[in-house]
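Commentary on secondary and tertiary structure
Residue strings, one per chain:
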Amino acid sequence: MKVELSSKIGKGLNFLALCLSMVSVLGMVAIVAIIVISVFMRKFFNYPLFFSEEIVGILMSVSLFLALPMVTLKGTHIRLTIVSQFLKQRSEVAFTIISRIAYFVGIAFCAWLLIEAVPWLQFAIKHNLKTETARILLYPWMLSLPVSIFLMGSIFIALFFGWVRETNDEKS
């Protein structure tokens, strides 16, 4: 029963992280398209897209945050592999304890970011914040941070309790 629940949790987190990373990829493709179109319009019509800097900046931030859950789940972020490999070879118990501490720090960090992000998002909604030049509403884009951080926190919780495992095995 526990293995089946762990499998379902892992598959669910993987599916959600995959969906967010797909949206992230679409954002990156949109960045390239907007830049190419803007350069083309500037070169041939002397009229670049007036909103390109704002939308590219927004898309870059959104793409980064939406990719973080998959990076966390797969364990493909920057890490000190020399330390973890040394600990794994010397003591599996020490490695497990330090891994759990790292996951707990990740959970605490995600909780802190969520606590900070929700009032920030509420302020943006209440005041109908928009970008300076193109007047693009900001809160739909800002929603990516709490959604991404919530999923990352859920992944850290699942890693902490051993419901899922990072799929990136440290090999060298």
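Residues numbered from 1 in each chain as written. Predicted model: local features only at pLDDT ≥ 70, side-chain atom pairs only at ≥ 80, totals over all residues. Heavy atoms only, no water.

**Considering the environment of Ala158**
Operational definition: Runs of H or I in DSSP of at least four residues are treated as helices and runs of E of at least two as strands, each being numbered from the N terminus. Any pair of residues with heavy atoms lying within 4.5 Å of one another is described as a contacting pair.
Residue position: Ala158 is located in helix α6 (residues 144-161). Spatially, the C-alpha atom of Ala158 lies 36 Å from that of Ile136, the residues being 22 residues apart in sequence. Apart from the residues lying within four places of it in its own chain, the contact partners of Ala158 are Ile9, Leu13, Trp163 and Val164.

**Some remarks on the nonpolar core**
Counted only if it meets this: Here, nonpolar core means buried Ala, Val, Leu, Ile, Met, Phe, Trp, Tyr and Cys residues that are tied together by side-chain atoms lying within 4.5 Å of each other. Partly exposed residues are those whose accessible area sits between 20% and 50% of the maximum for their type, while under 20% is buried and over 50% is exposed, using a 1.4 Å probe and protein chains only.
Among the nonpolar cores identified, the biggest contains 22 residues, and Leu13, Ile149, Leu151, Ile155, Phe156, Leu159 and Val164 are the most heavily contacted of them. Taken together, the elements giving at least two residues each to this core come down to α1 (2-45), α2 (52-74), α4 (92-126) and α6. Among the elements that take part in this core, α6 stands out by supplying eight residues, more than any other. Once residues within four sequence positions are removed from consideration, Leu159 is found in contact with Thr72, Arg100, Tyr103, Val164, Arg165 and Glu166. Core analysis: the next-biggest nonpolar cluster, separate from the first, contains seven residues, Ile31, Leu49, Ile55 and Ile136 among them.

**Re the confidence of the model for the protein**
The following threshold applies: Each residue carries a pLDDT value, the predictor's own confidence for that position, ranging from 0 to 100.
Looking at the protein as a whole, its pLDDT mean stands at 89, while 94% of the residues score no less than 70. Mean pLDDT across the secondary structure elements of the protein bottoms out at helix α3 (residues 81-90), with 76, and peaks at α6, with 95.

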